[in-house]
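Topology and contacts: notes
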Amino acid sequence: MRARSHVRAERDPRSGATRLVDLHSETPLLLRAALGGLHLVGGAAGPVRGDELALSVVVGPGATLVVRSVAASLLHPGPGDPWSALAVDVTLGRGATLDWAPEPTIALAGCAHRTVTTIAAAAGARLRWREDVVLGRHDEQPGDVSLRLDVTRCDAPLLRQELCVGPSMPAWDGPGGLAGARRIRSTLEIGWESSAPPVPDLRDRRLDLADDAWLDVSIR
């Protein structure tokens, strides 16, 4: 299956409110306007191995977009060998705000999925980007997952990160990897006021990227 979905949010110059001026969805990437923002809705089982999905998000200058999901997303196995793929392209205009925090993504046994997210933020843009991955259901081994995040700010590289976990990845679950953990949550924040530092825990990490940008990672 191939699907292309996109959304564009713009600030109304008269009222100052944000409007979704362009909204297009294809199954299984269904986008639905909601009070205060946008919801991601799973329109069918997927992605399944072999699916090729793409999502484009544009937040215009001064606009604010909050993105949530109605339920967790499941990465499914399939009859073929090709990995499923999701390409997410995000553009933030000057002074734009994007708060992206969907429900967790669950990697089912036998899945093989790759997500590549590219974010370009202009001057003064604010971003909160959360990725939450659960490796397998209860008492189930996970499939393979590859997550790449490339972020530029004012055309300069800010973050390049890639996470690859699953049975086909060497030593992914050993002492140098997840060491038995089954949930990984990362939160990238740009342009927000710094929050209080987390309670010290060997499973939590914060990487400072700039004075007003950091990446929090929690492994459980």
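Residue indices follow the written sequence of each chain, beginning from 1 at its first position. Per-residue local features of the predicted model are confined to residues with pLDDT of at least 70, and side-chain atom pairs are confined, for both listing and counting, to 80 or more; whole-chain, interface and lining totals are unaffected and use all residues. In computing side-chain properties, one takes all heavy atoms of the structure into account and sets aside hydrogens as well as water.

Some remarks on the overall build of the chain
The condition is simple: Runs of E in the DSSP output that reach at least two residues are strands. Runs of H or I that reach at least four are helices, and both are numbered from the N terminus. Burial classification: accessible surface area is computed with a 1.4 Å probe over protein chains only, and a residue below 20% of its type maximum counts as buried, one above 50% as exposed, and the rest as partly exposed. Any two residues whose heavy atoms approach within 4.5 Å are treated as being in contact.
Helix and strand content of the chain: zero helices and 17 strands. Judged by the C-alpha coordinates and their principal axes, the chain covers about 55 × 40 × 30 Å. Looking at the chain as a whole, 42% of its 220 residues qualify as buried. Considering only residue pairs separated by 6 or more positions, the chain has 72% of its internal contacts joining residues 24 or more positions apart.

Description of the packing of aromatic side chains
Where we set the bar: Aromatic rings from Phe, Tyr and Trp, with only the six-membered ring used for Trp, were paired whenever their centres fell within 6.5 Å, and each pair was classed as stacked if the ring planes differed by under 30 degrees, edge-to-face if by over 60, and tilted otherwise. A ring is scored as having a charge over it whenever the NZ atom of a lysine or the CZ atom of an arginine sits within 6 Å of its centre and within 35 degrees of its normal.
Here the structure, examined in full by the defined rule, presents one aromatic pair. Centre to centre, the rings of Trp 100 and Trp 129 are 4.4 Å apart; their planes meet at 10 degrees, and the pair counts as stacked. Residue Trp 100 is found in strand S9 (residues 97-100), and its partner Trp 129 is found in strand S12 (residues 126-135); the two are separated by 29 residues along the sequence. For the residue pair Trp 100 and Trp 129, the accessibility class agrees, reading buried in each case. Here the basic side chain of Arg 114 rests over the ring of Trp 83, its NZ or CZ set 4.5 Å away from the ring centre. When the ring centre of Trp 192 is taken as reference, the NZ or CZ atom of Arg 128 above it lies at 3.9 Å.

Notes on the pattern of salt bridges
Should their charged atoms come close, side chains of opposite charge can pair. Here is the rule: The term salt bridge refers to a pairing of a side-chain nitrogen on Lys or Arg with a carboxyl oxygen on Asp or Glu at a separation within 4 Å.
A full pass over the atoms with the stated rule returns 15 salt bridges. Residue Arg 128 is joined to Asp 99 by a salt bridge in which the shortest nitrogen-to-oxygen separation is 3.6 Å. Within this pair, whereas Arg 128 is found in strand S12, its partner Asp 99 is found in strand S9, the two being separated by 29 residues in sequence. For Arg 128, a relative accessible area of 23% translates into the label partly exposed.

Some details on the side chain of Thr 115
By the element assignment, Thr 115 lies in strand S11 (residues 112-121). When near neighbours in sequence (up to four residues on either side) are disregarded, Thr 115 contacts Leu 86, Val 88, Ser 146, Leu 147 and Arg 148.

Quick word on the nonpolar core
The condition that has to hold: Working definition of a nonpolar core: buried Ala, Val, Leu, Ile, Met, Phe, Trp, Tyr and Cys residues. They are joined through side-chain atoms within 4.5 Å.
In this structure, Leu 92, Leu 98, Trp 129 and Leu 188 are the most contacted members of the largest nonpolar core, which totals 34 residues. Not counting residues up to four positions away in its chain, the partners in contact with Leu 98 are Val 59, Leu 65, Val 67, Val 90, Leu 92, Arg 126, Leu 127, Arg 128 and Trp 129. Counting residues in each nonpolar core, the second largest holds 13 residues, with Leu 135, Leu 147, Met 169 and Trp 172 among its members.

What about the sheet that holds S11?
Put simply, the rule reads: At least two DSSP bridges between two strands are needed for those strands to be called paired. Fitted lines through C-alpha atoms give the axes, limited to the stretch in contact for helices. The angle between two N-to-C directions lies from 0 to 180 degrees.
Spatial ordering of the open sheet is given by S2-S1-S5-S8-S11-S13-S14, a layout of seven strands whose pairing is mixed. Two strands close off the open sheet at either side, each with one partner strand: strand S2 (18-24) and strand S14 (156-165). Sheet twist, expressed as the average angle between the axes of neighbouring strands with direction ignored, equals 10 degrees. Looking at chain direction, strand S5 (residues 52-59) and strand S8 (residues 84-92) are connected through eight bridges and run parallel.

Comments concerning the side chain of His 113
Following the sequence through the fold, His 113 ends up in strand S11. His 113 gets classed as buried once you look at its relative accessible area, which sits at 3%. Leave out the neighbours within four places in its chain, and His 113 touches Pro 47, Leu 75, Trp 83, Ser 84, Ala 85, Leu 86, Asp 144, Val 145 and Ser 146.

Examining unusual backbone geometry
The omega angle of the peptide bond from Thr 27 to Pro 28 is 10 degrees, so this bond is cis rather than trans. Counting through the fold element by element, Pro 28 comes out in the loop between S2 and strand S3 (29-34). Its identity is not glycine, yet Cys 154 carries a phi of approximately 55 degrees, on the positive side. Relative to the helices and strands, Cys 154 resides in the loop between strand S13 (144-153) and S14. By relative accessible area, which is 46% here, Cys 154 ends up partly exposed.

From the geometry alone we can't say anything about function, so treat these as descriptive.
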